Each structure stands twice: as C-alpha cells, then as structure tokens.
Amino acid sequence: LLAQAHLDLGWTRRSAEPGPGLPREVWQAFLHHTALAEAALETFDPLEEMSPLLAGTRYLLVRGIEDGEALYRDWYEDWSDLDPTNPEPHLTHAAHLLPHWFGSLGTFDDEARAALARTQHCSGASAYAVFYMAAAESLGDLPPRMNLELFLLGLKDFYRATGCQYRANIVAATLTELDHTLSSDATPKSRRRQMAREALETHLRENLREFHLSAWENGEAGIQYALGQVFEKEIARGEHIFVGPEGLTARLPV
C-alpha cells in the first residue's frame, strides 16, 4: 500500500503537466516517488508471496526505474501468471508496448497474440481484445495489423468471463466505435463492416440489459449512434427501444 501510494503520487504529478516535455522538478519528483516505492517493495517477492497485488504494484515501477525496459516483460508475465483471468495486467502492459514507451506498432500484434497464447486456456481470446482496447485508448484509434475476427472473438470472451452489465457496456461501446470507424470504408459491403455490424447487433439485442454511461467514451452520443445503427428500421416505423431481461427489444408503444 505504501508503494502504491508513492506510485500514485508520482504518476499524478507527472500526468498533471500539459503539453510535451516535463519540467525538471516534476520529472525528479516522479523518479523520487518511484524510488521510494521500489524501496518499499524490495524485501518482497511476488512469486514467493503468491501475490498478484505485489506483482501489479511492482510492475508499475518500470515507468520510472533505470532498467524498466529490461524488466517489464518478465514482470508482466509474473503478474499475469499470478492472476491469469484478470485483464488488468494486459491493459497495463499493452500501453507500454506502444511507441511512446518501449515498443512499436510493427510488433504490437505479435505481442497481443503472445498474450492470447499464454492465457487462452483460461480466458479464451480475451487478452487479444484487451491489448487492442488499451492501445485504442492510448492512441485514439486501433493499431494497424489487427485481426478483426480475433478481436471480435476476444470481445465476446471478455464479456462472457463475468457476464456483468458493466463489461457488456464496455464491449458495446468498443463495437460502436469500431462500427463508426469502419463506416468510412469506401466499399459499401465491406466484409469487415459487416462483421463489426453483426457483432454489434447481436451484442445489443442479446446481452445488453442496462446502460452504464461511464463505460461509453462518447457517452450518450455513442449510445444513440449504436441504437440508430442497429434499430434503424424499427425506429423508422415509430417503434421504441426497451431495455429488459432479454436484452434490447423494439416495439410500438402501448
């Protein structure tokens, strides 16, 4: 807890500075807090303690220690091995595989596939989708070379792992952004567009039973776009969209 507090303090100070480059005093404060966190953890081994909490906190040190680039892969695998169904190790590690940290777009898909292979036995293709969701959040768009079929399968496995409505909303929002991106495809009947739209429609009609606004990057506008795409014909007939235990349904108001 002490280490995590130092990491949070240092990262908050660093993240609060707008624009490129950091003032020297901010960078030094960040490194100082990271060093204090490292000192608090140095007597503990996450694997010996069988502690995902320790492993996750230790992993965050890579942002501010000298040999972070040499350690971040091993520490990610330790964290993931200790908590193999948890998406957090993948979300955190994927961001460090991007160009502004330790990786490159050219190798990102290979890393996502490796994560899938390591965890497929317990979470299906979920890790592949989580990697790309993390990258999209960081970059503002999905990296190139993504295998759409694997991504859609991973989103399905990510939702099914808990079946909770918060994850259902995360997946719905992700599919909505994907559908919007692919709508600019010059080919009207692009197979990729069809795959994304079919996945969005199936998910909204069968799995979404609540709306969690915080899960949608574009909030209400994203929800309205999704409903407009999936229920276009029903809305044109004057039907209303209802949320219920069987998912979203459209019918004329009584």
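Just above sits the structure.
All values reported here derive from a predicted model rather than from experimental measurement. (Residues numbered from 1 in each chain as written. Predicted model: local features only at pLDDT ≥ 70, side-chain atom pairs only at ≥ 80, totals over all residues. Heavy atoms only, no water.)

Caption draft 1: Broad picture of the packing of aromatic side chains. Following the criterion strictly, the structure yields 11 aromatic pairs and no others. With centroids separated by 4.7 Å and ring planes inclined at 55 degrees, the aromatic side chains of Tyr-72 and Phe-102 adopt a geometry described as tilted. Residue Tyr-72 is found in helix H5 (residues 68-82), and its partner Phe-102 is found in the loop between helix H6 (88-96) and helix H7 (105-123); the two are separated by 30 residues along the sequence. You can call Tyr-72 buried: its relative accessible area is 2%. Put simply, the rings of Trp-11, Trp-27, Phe-30, Tyr-72, Trp-101 and Phe-102 touch in pairs and so form one group of aromatic residues. Between the NZ or CZ atom of Arg-63 and the centre of the ring of Trp-11, over which it lies, the distance is 4.3 Å. For the cation-ring pair, Arg-167 lies above Phe-158, with the distance from its terminal atom to the ring centre recorded as 4.2 Å. (Phe/Tyr/Trp six-rings, centres within 6.5 Å; stacked < 30°, edge-to-face > 60°. Helix = DSSP H or I, 4+ residues; strand = E, 2+ residues; numbered from the N terminus. Buried < 20%, exposed > 50% of the residue type's maximum accessible area, 1.4 Å probe, protein only. Lys NZ or Arg CZ within 6 Å of the ring centre and 35° of its normal.)

Caption draft 2: Just H5, in detail. Between the first and last C-alpha of H5 there are 20 Å, a value that for 15 residues agrees with the 21 Å anticipated at 1.5 Å per step. For H5, the complete set of buried residues consists of Gly-68, Tyr-72, Trp-75, Tyr-76, Asp-78, Trp-79, Ser-80 and Leu-82. As for H5, its buried residues are in contact with helix H3 (46-49), helix H4 (52-59), H6, H7 and helix H8 (126-139). (Expected span 1.5 Å × (residues − 1). Contact = heavy atoms within 4.5 Å.)

Caption draft 3: Up close: unusual backbone geometry. A positive phi is found at Met-50, a non-glycine position, where the angle reads about 50 degrees. If you trace the backbone, Met-50 turns up in the loop between H3 and H4. Positioned with a positive phi, Arg-145 is a non-glycine residue whose angle comes to about 75 degrees. Here Arg-145 shows up in the loop between H8 and helix H9 (148-160). Owing to a relative accessible area of 46%, Arg-145 belongs among the partly exposed residues under this scheme.

Caption draft 4: How the structure looks around the nonpolar core. With 62 residues, the main nonpolar core has Tyr-59, Phe-108, Tyr-128, Phe-131, Phe-151, Leu-155 and Leu-204 as its most contacted residues. In terms of residue count, H8 provides more of this core than any other element does, nine residues in total. Those residues in contact with Phe-108, other than ones at most four positions away along the chain, are Ala-94, Leu-97, Leu-98, Phe-131, Tyr-132, Ala-135 and Pro-143. (Core = buried A, V, L, I, M, F, W, Y, C linked by side-chain atoms within 4.5 Å.)

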